[in-house]
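Inside the fold
The primary structure of each chain is shown beneath.
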Amino acid sequence: MKYAIISDIHSNLEALESVLQEIDQIGVDRIICLGDIVGYGANPNECVEIIRERKIESIIGNHDTVACGKKEPFDFNFVAKEAALWTRNTLTAKNREFLHNLPETREIDGFLIVHGAISDPDLYIFSVYDAIGEFKLMKKWNICFFGHTHVRTYYVLIGGDVQCRFEYEFKIKPEAKYLINPGSVGQPRDRDPRSSFLIYDSKGAAVRFIRLEYDIESAKQKIIRAGLDRRLAERLSLGI
């Protein structure tokens, strides 16, 4: 099976459409989303509807959780909080219900998907130290895909050693365990403004990260016209 793994769309319609167009050209068996379909950007309804209509398998992210009303944004910074509440008020009832019904985690064909971490969907895996604790929870799985940090990377546990790696392509070793982050479709934070996602070929035991340019200026102008904080627009050009 060939999978496209996407994450952290954050209501960025231009980025999502560009990524899906590229995925369709590549040709995959399944598309999987690691959550945060909404938040920050100006097109929450359109992004949710694409996920719904294309039947893309998804889990709920922390911004999705706030946007659908399951949780209040008490731990969000001011800019994120204002955007989350704007998103909640903008979403249609049907789209809020869709987000509300998404699970926090899924097992798909023998691998695990989470938004933040296995131990807690709101936690960030930012370091080898963070990854060590999560690997201890992977007795059933060799591969877990996660998002939340908006940073493309992967961690590998082999021979008792945990490493953080950044290659754009790598082979899955059967004796190793992997925590793999595809990066963000709609708001990358690794100082590369291009959308990020990955292709996982289970038959070929291979992972390939892909970066893709999209119409950032259109996405920025929509954020500004919607009355959202200008910093949410400016950061798109900087990849932060």
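A brief structural summary. These figures come from a predicted structure and were not determined experimentally. (Residues numbered from 1 in each chain as written. Predicted model: local features only at pLDDT ≥ 70, side-chain atom pairs only at ≥ 80, totals over all residues. Heavy atoms only, no water.)

Regarding the sheet that holds strand β4 (residues 105-108)
- Here we have six strands laid out as an open sheet, ordered β4-β5-β6-β10-β7-β8, and mixed in their pairing. Strand pairing shows two members of the sheet lacking a second neighbour, β4 and β8 (161-165), which therefore form its edges. Neighbouring strand axes in the sheet, compared pairwise and without regard to direction, differ in orientation by 15° on average.
- The pairing of β4 with strand β5 (residues 111-114) spans four bridges and is antiparallel. Bridging from a neighbouring strand, glutamate 107 pairs with leucine 112 of β5.
- Packed onto the sheet, helix α6 (residues 128-135) meets β7 (153-158), β8 and β10 (177-181) and runs at close to 125° relative to β8. (Pairing = 2+ DSSP bridges. Helix = DSSP H or I, 4+ residues; strand = E, 2+ residues; numbered from the N terminus. Axes fitted to C-alpha atoms, helices over the stretch in contact; angles between N-to-C directions. Contact = heavy atoms within 4.5 Å.)

Let's talk about the packing of helix α2 (residues 44-53) against helix α5 (residues 93-100)
- One can describe the packing of α2 onto α5 by two numbers: an axis separation of 10 Å at closest approach and a directional angle of 60°. On the basis of their axis angle, the class for α2 and α5 is oblique. Regarding α2 and α5, the two cross each other, and that crossing is left-handed. Seen from α2, the contacting residues are Asn45, Val48, Glu49, Ile51 and Arg52; seen from α5, they are Lys94, Asn95, Phe98 and Leu99. (Parallel < 35°, antiparallel > 145°, perpendicular 65-115°, else oblique. Left-handed = near helix turned anticlockwise from the far one by under 90°.)

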